[in-house]
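Examining the three-dimensional arrangement
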Amino acid sequence: MPASSSSLEAPSLVFALCIARHSLFTAKGDPWLACGAGCWLWAVSRRKLPGSCGIRSFQIKRFLEDTDDAELNKFVKDFPGSESCHQPEAKTRVSRSHLESRPQTPDLCQDDLEFRPPSWPQSCDSQQFFTAPAPLSPSARPRSPWGKLDPYDSSEDDKEYVGFATLPNQVHRKSVKKGFDFTLMVAGESGLGKSTLVNSLFLTDLYRDRKLLSAEERIMQTVEITKHAVDIEEKGVRLRLTIVDTPGFGDAVNNTECWKPVAEYIDQQFEQYFRDESGLNRKNIQDNRVHCCLYFISPFGHGLRPLDVEFMKALHHRVNIVPILAKADTLTPPEVERKKCKIREEIEHFGIKVYQFPDCDSDEDEDFKLQDQALKESIPFAVIGSNTVVEARGRRVRGRLYPWGIVEVENPGHCDFVKLRTMLVRTHMQDLKDVTRETHYENYRAQCIQSMTRLVVKERNRNCGGCRRCCTKSKDR
Amino acid sequence: MSKGLPESRTDAAMSELVPEPRPKPAVPMKPVSINSSLLGYIGIDTIIEQMRKKTMKTGFDFNIMVVGQSGLGKSTLVNTLFKSQVSRKASSWTREEKIPKTVEIKAIGHVIEEGGVKMKLTVIDTPGFGDQINNENCWEPIEKYINEQYEKFLKEEVNIARKKRIPDTRVHCCLYFISPTGHSLRPLDLEFMKHLSKVVNIIPVIAKADTMTLEEKSEFKQRVRKELEVNGIEFYPQKEFDEDLEDKTENDKIRQESMPFAVVGSDKEYQVNGKRVLGRKTPWGIIEVENLNHCEFALLRDFVIRTHLQDLKEVTHNIHYETYRAKRLNDNGGLPPGEGLLGTVLPPVPATPCPTAE
């Protein structure tokens, strides 16, 4: 870079000059490209970076100079604006009209000539910067594929920003193509409406062919683990949903340790993932880890039963537990409040760590904060599920028809179904997956590795007989 | 005691007492009726009035036991049945009074009066039933309690100088609360009822029936009835004790259509259509306890109190108690530990079991 001078403002303009000079005075150059580059740099030098008051030219200089900066190169490559540098011809016509229509666009060509430094070493370094396209010349950018989501929608922004705030959108696009997966476990005594709720949440009928066992068949039954998988697509987004069910849980006369099969299943999935992750071919790892467990608490008890406490304590370190108060249409509103209070108290009393909603950032707006607060205070969610559609207040809704009235599943005044669905699907699905990945899986992994190491050490000690010679030798090494 | 019996008597008695088939109901033989036309009004029918006056003076007692998992509304239902606070609700327990580790038996007596008739009502509660993780044999304390009451009565009866009116603490009726899952009975329910239907009158009741819509309710009831039949569980009113055709048809109707009763209990009153009714107020409507379209509480109340109260007592006395007594008197010294007819001498038992009607 010719501008190795210590002055701070000069480099950006010098760069612009560079390009301008090259464009104007060489056969290969393109005058519009030159102007574009000039405008870009001028804009860049004036833009306001978040958190900083105005760009420092030296930052840009460092940015551009550091050819080892892989990110920049990658960014430049990936950013769709790079397309423009391959078809400069096509863009120019558009560019010209755009430029002309904008009053703020300075005409740098004249300015540049004035700032031309006396010594202008003709280094070939300028070449590499020249090939870096000007991705943000306002006209050169194609119409964004994200429409409304494009953070640079307004034409004002176009001039002032670098443009990497669109990175989340790129990630979004890639993931949408790949599709999402989510594994949800439902646990609780039979007859609490688990299947109905799952059907209501995801608007499917997963349990069509289920055969219910009679009481004497259930006497002989042990806890099983069953999986149902279903692919749901909505507005172009695909979700592979797996529901893990635990029929037989809590049904027998003697329910000692009936959570064991469930805990073992969860551990198995972690182990499988651990193996896959440590393996050689990691391209197609299937993630079967359980992301969330909805635990159904009976509304007929006085709060948590001993079995509920045991189950939750056995599993709160393995999976995100979201407690649910089932069949809430049994309870009147004051009863619901009382039970929720009691259950929350007991959860704290027994030290059960249910899934905690992440605190929202302090810079979120009041509305969002209130919503978040309301969500936290609704645990356990008092839900009602329904497979049938009834006519209520002139509309067809999911609900239950009683002689004394109609219960609407999606009415927030009747139950917390909407809150649960919002939390589970619309706002916290990703967070649930993250916590599973970062906390529960990592705990498992750490434990696993620790126990493996211990085993290895034990083996080694056993093999060498623990003789002093070996130990001291290894120490010296 | 059995040493005093002649050998032949023992054998005859033993052959009668095989555990499974029950002894023939000990009801008084019906006198042969001769249809005679009356020549005038005698006044025999006034005996009913005399009996009524007598019972009003003496009053009578009734012991009802409620069994079921905690939180199914047992105490509320009993309070609603007898329209008074006869049972203390577990939801008002303080933190220290948590679920007991073993099943406890708590009997609380009240005297309630209506229309000049006094009733000594005893409500026997069984907190801790079915609440633990391991519920094996949790019915045993209950069985033991019931047998203890029979034992007490037997002791009194067998005394030389016995009281005019033996205090009756035997359990006349056991309301068993089924959880309204909507699927079927739970294994625990089956086990309990199998063991206790031979010892006491069990009336199965579906608790908190406002959970279910009408179709779910009728499906669930059908399934429960079928399961009880398949498992050979005889709930009250038992088929084998129907005395005549009239009883049979009436009881058949109840057995096959109404039972188990799906009930809702409440101790709060609300205003509906200008009347004050007992009910539950929800955001989507008021559930009226005594409205037959909403739940079957009224049927249960009429059944237990208004039509079959005396029958419950009679069946308990004539059948369940007699079974127990015959078994006890024929056991060769196999007394329950810690108990015995110490201090009393058993009078020689006559050749044929003589029904004692009280």
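These numbers come from a predicted model, not from an experiment.

1. So, the confidence of the model for chain A
Low-pLDDT stretches of the model should not have their predicted coordinates read in fine detail. All names here are of chain A. Scored by pLDDT, chain A comes out at a mean of 71, with 60% of its residues at no less than 70. No element of chain A has a lower mean pLDDT than helix 5 (residues 83–86), at 38, and none a higher one than strand 4 (residues 292–297), at 92. Counting contacts from residues 48–77, a segment whose pLDDT is below 50, to residues more than four positions away or on other chains yields 36 contacts. Counting contacts from residues 79–140, a segment whose pLDDT is below 50, to residues more than four positions away or on other chains yields 71 contacts.

2. Considering the environment of Leu185 of chain B
All names here are of chain B. Along the polypeptide, Leu185 turns up in the loop between strand 4 (173–178) and helix 5 (187–196). Residue classification places Leu185 among the buried residues on the basis of a relative accessible area of 0%. Separated by 36 residues in the primary sequence, Leu185 and Lys221 have C-alpha atoms spaced 10.0 Å apart.

3. Notes on the interface of chain B and chain A
Counting from both sides, the interface comprises 47 residues of chain B and, opposite them, 43 residues of chain A. Three residues stand out in chain B for area buried against chain A, namely Ile133, Pro187 and Trp284 of chain B, and they jointly supply 22% of the buried area on that side. The tally of links from chain B across to chain A stands at two salt bridges. Arg400 of chain A is the salt-bridge partner of Glu216 of chain B, the closest N and O atoms lying 2.8 Å from each other. For the interface between chain B and chain A, the tally reads 13 residue pairs in polar contact (both at pLDDT 80 or more). Secondary structure elements with two or more residues in the side of chain B that touches chain A: helix 5, helix 6 (214–230), strand 8 (275–282) and strand 9 (285–288) of chain B. The greatest single-element share of the side of chain B that touches chain A, amounting to five residues, is contributed by helix 6 of chain B.

What counts and how
Residues numbered from 1 in each chain as written. Chains lettered and ligands numbered in written order. Predicted model: local features only at pLDDT ≥ 70, side-chain atom pairs only at ≥ 80, totals over all residues. Heavy atoms only, no water. pLDDT = per-residue confidence, 0-100. Helix = DSSP H or I, 4+ residues; strand = E, 2+ residues; numbered from the N terminus. Contact = heavy atoms within 4.5 Å. Buried < 20%, exposed > 50% of the residue type's maximum accessible area, 1.4 Å probe, protein only. Buried area = accessible area lost by both parts, 1.4 Å probe. Salt bridge = Lys/Arg side-chain N within 4 Å of Asp/Glu carboxyl O. Polar contact = N/O pair within 3.5 Å; in protein donor to acceptor, adjacent residues only side chain to side chain.

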